[in-house]
Amino acid sequence: MSTCLIMGIRDKIKSVIIAAGWNYVELAEELTKITGRKYTNQLISNRIRKEIISFKEVELICRIIGYNVELTKDSSRI
């Protein structure tokens with residue numbers, strides 16, 4: 001079974017952000033600069049916690065912190 005499914009998307013996103021040395025305040029500032037939309041650390045936290053963050057936002061966050069999103073075929077499908 002995939003680590004992402006076991007860990008949960010919320011915990012996976014948070015752990016990658018922290019591992020990259022970022023926090024929600026810094027991330028909010030960078031997202032606001034790039035998108036022109038006002039992001040706050042609370043908004044990011046809530047969207048991740050409630051698991052309502054869009055795939056587009058996850059991709060952007062990953063680009064900002066130096067990661068990329070990769071979808072691969074899983075030969076051990078559930």
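Above this note sits the structure.
In what follows, the accompanying structure is described. (Residues numbered from 1 in each chain as written. Predicted model: local features only at pLDDT ≥ 70, side-chain atom pairs only at ≥ 80, totals over all residues. Heavy atoms only, no water.)

1. Side note on a positive patch on the surface
Reasoning step 1: A cluster of like positive charges, contributed by Arg10, Lys14, Arg49 and Lys50, occupies part of the molecular surface.
Reasoning step 2: For Lys14, a relative accessible area of 36% puts it in the partly exposed group. (Patch = residues over 30% accessible without salt bridge, like charges linked within 9 Å, V, L, I, M, F, W, Y side chains within 5 Å. Areas by Shrake-Rupley, 256 points an atom, 1.4 Å probe, with all protein chains shown as cover. Salt bridge = Lys/Arg side-chain N within 4 Å of Asp/Glu carboxyl O. Lys, Arg positive; Asp, Glu negative; His and termini not counted. Charge placed at Lys NZ, Arg CZ, Asp CG, Glu CD. Buried < 20%, exposed > 50% of the residue type's maximum accessible area, 1.4 Å probe, protein only.)

2. Considerations on the environment of Ile44
Reasoning step 1: Among the secondary structure elements, Ile44 is positioned in helix 4 (residues 41–49).
Reasoning step 2: Distance in space between the C-alpha atoms of Ile44 and Val25 is 9.0 Å, their sequence separation being 19 residues. (Helix = DSSP H or I, 4+ residues; strand = E, 2+ residues; numbered from the N terminus.)

3. Looking at helix 2 (residues 9–19)
Reasoning step 1: Buried residues of helix 2: Ile13, Val16 and Ile17, and no others. Angular distribution of buried residues about the axis of helix 2 spans 100°; they occupy a single face of the element. Seen from the open side of helix 2, the exposed residues pointing more than 90 degrees away from its buried face are Ile18 and Ala19.
Reasoning step 2: If you follow the buried residues of helix 2, they end up packed against helix 3 (24–35), helix 4 and helix 5 (55–65).
Reasoning step 3: Once helix 2 finishes, Gly21 follows within two positions and takes phi at roughly 85°, a positive value. (Arc of directions from axis to C-beta. Contact = heavy atoms within 4.5 Å.)

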